[in-house]
Amino acid sequence: MLCGACGNGKTTLARAIRRLIAALYNGRNVWTMTASEAATMQLEDPTRFENFKTATQIFIDDLGTEPVEVKDYGTVKMPLVEILFHRYEAQKFTLLTTNEDDASLQRKYGTRIADRLNEMFNRLAFEAQSFRK
């Protein structure tokens, strides 16, 4: 999990890691999507959502920017919670970027997910100022 303030290179590094994996594993791709796209996809394309959730390797950019809950004709779904629970249980490679700190992630996703995030990920903190001009 790459954590830190906006504009300090988390997404750039994650994309480099994704390209490295593709080079090392004969073009094998890491499914890539923003957290907001994943949340929307659960409603708009459930089959693709399921394929993303169960893929061997995924990269989710900007965890914490998406709505935690989405409604499907009155049924409340929590797409990122569902993805993270599955990835935890299946022990599959997952790369995340987020601007959120631990306390914020716990408030947003609950204690159970926060606890699993602590076990699933090594955190690499980005503490530099924004490189964006």
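Use the structure listed above.
Residues numbered from 1 in each chain as written. Predicted model: local features only at pLDDT ≥ 70, side-chain atom pairs only at ≥ 80, totals over all residues. Heavy atoms only, no water.

Asks: Please explain unusual backbone geometry as it appears in this structure.
Replies: Of all residues except glycine, most have a negative phi; of all peptide bonds, most are trans. In this model, D62 sits at a positive phi of 65°, which is unusual for a non-glycine residue. Relative to the helices and strands, D62 resides in strand β3 (residues 57–63). A positive phi angle, near 50°, is found at Y73, a position not held by glycine. (Helix = DSSP H or I, 4+ residues; strand = E, 2+ residues; numbered from the N terminus.)

Asks: Help me understand the nonpolar core in this model?
Replies: Side chains that are nonpolar tend, in soluble globular proteins, to be buried together. Counting residues in each nonpolar core, the largest one holds 25 residues, and the members touching the most others are F52, I60, L80, I83, L96, Y109 and L117. Sequence-distant contacts of I83, that is, excluding residues within four places in its chain, are made with A38, F49, F52, K53, I58 and I60. (Core = buried A, V, L, I, M, F, W, Y, C linked by side-chain atoms within 4.5 Å. Buried < 20%, exposed > 50% of the residue type's maximum accessible area, 1.4 Å probe, protein only. Contact = heavy atoms within 4.5 Å.)

Asks: Whenever I open this one, the pattern of salt bridges confuses me. Can you help?
Replies: Side chains carrying opposite charge are able to pair once their charged atoms draw close together. Enumeration over the complete set of coordinates arrives at 4 salt bridges. Here K77 ties to D72 by a salt bridge, and the two come within 3.3 Å at their closest N and O atoms. On the accessibility criterion, K77 (25% relative accessible area) is partly exposed. In this structure, R123 engages D102 in a salt bridge whose closest nitrogen and oxygen atoms are separated by 3.0 Å. With a gap of 21 residues between them, R123 in the loop between α6 (111–120) and β7 (124–126) and D102 in helix α5 (residues 102–109) connect regions that are remote in the sequence. A relative accessible area of 43% places D102 in the partly exposed class. One connected set of salt bridges, linked through shared partners, spans E50, K53 and E82. (Salt bridge = Lys/Arg side-chain N within 4 Å of Asp/Glu carboxyl O.)

Asks: Got a minute to help me understand the pairing of β3 in this structure?
Replies: Put simply, side chains in a regular strand alternate between the two faces of the sheet. A large share of β3 lies buried, amounting to 6 of its 7 residues. By the bridge criterion, 4 bridges tie strand β2 (residues 31–34) to β3 in an arrangement that is parallel. Directly across from T32, in β3, lies its bridge partner F59. Sheet topology places β3 next to strand β6 (residues 93–98); 5 bridges connect them, and they run parallel. Across the sheet, Q57 pairs through a bridge with F93, a residue of β6. (Pairing = 2+ DSSP bridges.)

Asks: Would you mind showing me how to read the sheet that holds β3 here?
Replies: Through backbone hydrogen bonds, the strands of a sheet pair up, either in parallel or in antiparallel fashion. The parallel open sheet is built from 5 strands, whose spatial order is β2-β3-β6-β1-β7. Of all the strands in the sheet, just β2 and β7 have a single pairing partner and so form its edges. Strand-to-strand twist across the sheet, computed as the mean angle between neighbouring axes with direction ignored, equals 20°. Of the strand pairs in this sheet, strand β1 (residues 2–4) and β7 are connected by 3 bridges, and their pairing is parallel. From the neighbouring strand, G4 faces β7, where its bridge partner is F126. Together, β2 and β3 form the strand contacts of helix α2 (residues 35–44), whose direction differs from that of β2 by roughly 95°. (Axes fitted to C-alpha atoms, helices over the stretch in contact; angles between N-to-C directions.)

Asks: Help me understand the packing of helix α4 (residues 79–90) against α6 in this model?
Replies: To describe two helices that pack against each other, one gives the angle between their axes and the distance between the axes. Direction vectors running N to C along α4 and α6 enclose 45°, while the axes themselves pass 10 Å from each other. The angle between α4 and α6 falls in the class oblique. With respect to the hand of their crossing, α4 and α6 are arranged in left-handed fashion. Touching V81, L84, F85, R87 and Y88 of α4 are R112, I113, R116, L117, E119 and M120, all from α6. Partitioning the contact of α4 with α6 into residue classes produces 7 nonpolar, no polar and 4 charged. (Parallel < 35°, antiparallel > 145°, perpendicular 65-115°, else oblique. Left-handed = near helix turned anticlockwise from the far one by under 90°. Nonpolar A, V, L, I, M, F, W, Y, C, P; charged D, E, K, R; others polar.)

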